[in-house]
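# Topology and contacts: notes
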Amino acid sequence: MSPLIPKPTTGRGALLELVVIVALAIGLALLIQAFLVKPYQIPSVSMEPTLDVGQRVLVDRVSYRFGDPEIGDIVVFHPPQGADAASKCGVTIDGQQPVDAHEACPQVIDQESSTNFIKRIVAGPGDRLSVEHGHPVVNGVMAQEDFINPCHGDGAPGDPCNLPKTITIPQNEYFMMGDNRGSSDDSRFWGPVPRDWIIGEAFVTYWPPDRLGFL
């Protein structure tokens, strides 16, 4: 039986075959990244000790099309535009701080950034949330988190480690916090993230080799 694709008989034919194979491989890789699984490199210390700077993870872009994100998921998402600016919260006093300095930012601004962040979901739609010693208190229950870097605040107004006034997470939005609670720019400062801004769940780390494993 003849093969479906004749074997090249000339140097030019072999080169053309190689070009086609490489093009198909690149196209398949781009298709996988666009719709299925995308690699992501950790850019900051905000997720230590779970994820270190430079560590690489794979992000599942499919599962949230069939189910809802859950508390505890580590996700890659787009933060609001200007998440590193002073007026990053959607509810402010003179563009400087949340309405109440004893609460987390209750509302995100409506401009989505093109930047990618990675954090952990600590509360979901409809949940009531406050923060005590860096731990989320969700619906009156403090999360048990022995995997985070502790948060040591002084309890002064605006202390991100202690935000005792309860906010309610809006529908279809998720509250994100980094595991390095004292060094994470997260929803405490710029509010819950709309589901449409979530790219996918980080499910495995593949580099460096000694950190290989599921998240």
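This section reports on the structure supplied with the text. Predicted model, so just to flag it, every value in this text is computed and none were measured.

Throughout the structure, instances matching the rule amount to seven salt bridges. With a closest N to O distance of 2.7 Å, Arg211 and Asp52 form a salt bridge. In this pair, Arg211 is assigned in the loop between strand 11 (198–207) and strand 12 (213–214) and Asp52 in the loop between strand 1 (37–41) and strand 2 (56–60), connecting sequence segments 159 residues apart. Overall, Asp52 belongs to the partly exposed group, its relative accessible area being 28%. For Lys88, the salt bridge goes to Asp185, with nearest N and O atoms at 3.6 Å. Here the residue Lys88 occupies a position in the loop between strand 3 (74–77) and strand 4 (117–123), and Asp185 occupies one in the loop between strand 9 (173–177) and helix 2 (187–190), the gap between them amounting to 97 residues. Taking relative accessible area as the criterion, Asp185 reaches 22% and is therefore assigned partly exposed. Ionic contacts of the salt-bridge type, sharing partners, join the residues Arg120, Glu145, Asp179 and Arg181 into one network.

Let's shift gears to the packing of aromatic side chains. Counted according to the given criterion, the structure contains three aromatic pairs. Measuring from centroid to centroid gives 6.1 Å for Phe77 and Trp190, while their planes differ by 50°, and the two rings are tilted. One end of the pair, Phe77, is in strand 3; the other, Trp190, is in helix 2, and 113 residues separate them in sequence. Taken as a pair, Phe77 and Trp190 share a single burial class, namely buried. Ring geometry for Phe117 against Trp190: centres 6.1 Å apart, planes inclined by 55°, an arrangement best described as tilted. Of this pair, Phe117 sits in strand 4 while Trp190 sits in helix 2; the two residues are 73 residues apart in sequence, bridging distant segments of the chain. Trp190 matches Phe117 in its accessibility class, with the two residues each being buried.

Time to look at the pairing of strand 6 (residues 135–138). Of the two faces of strand 6, the one holding His135 and Val137 and the one holding Pro136 and Val138 are both buried throughout. Examined bridge by bridge, strand 5 (residues 128–132) and strand 6 share four bridges and lie antiparallel to one another. Pairing of Glu132 across the sheet is with His135, part of strand 6. Here strand 5 folds back onto strand 6 in antiparallel fashion, the turn holding two residues, of which His133 has a positive phi close to 55°.

How each quantity is defined
- Residues numbered from 1 in each chain as written.
- Predicted model: local features only at pLDDT ≥ 70, side-chain atom pairs only at ≥ 80, totals over all residues.
- Heavy atoms only, no water.
- Salt bridge = Lys/Arg side-chain N within 4 Å of Asp/Glu carboxyl O.
- Helix = DSSP H or I, 4+ residues; strand = E, 2+ residues; numbered from the N terminus.
- Buried < 20%, exposed > 50% of the residue type's maximum accessible area, 1.4 Å probe, protein only.
- Phe/Tyr/Trp six-rings, centres within 6.5 Å; stacked < 30°, edge-to-face > 60°.
- Pairing = 2+ DSSP bridges.

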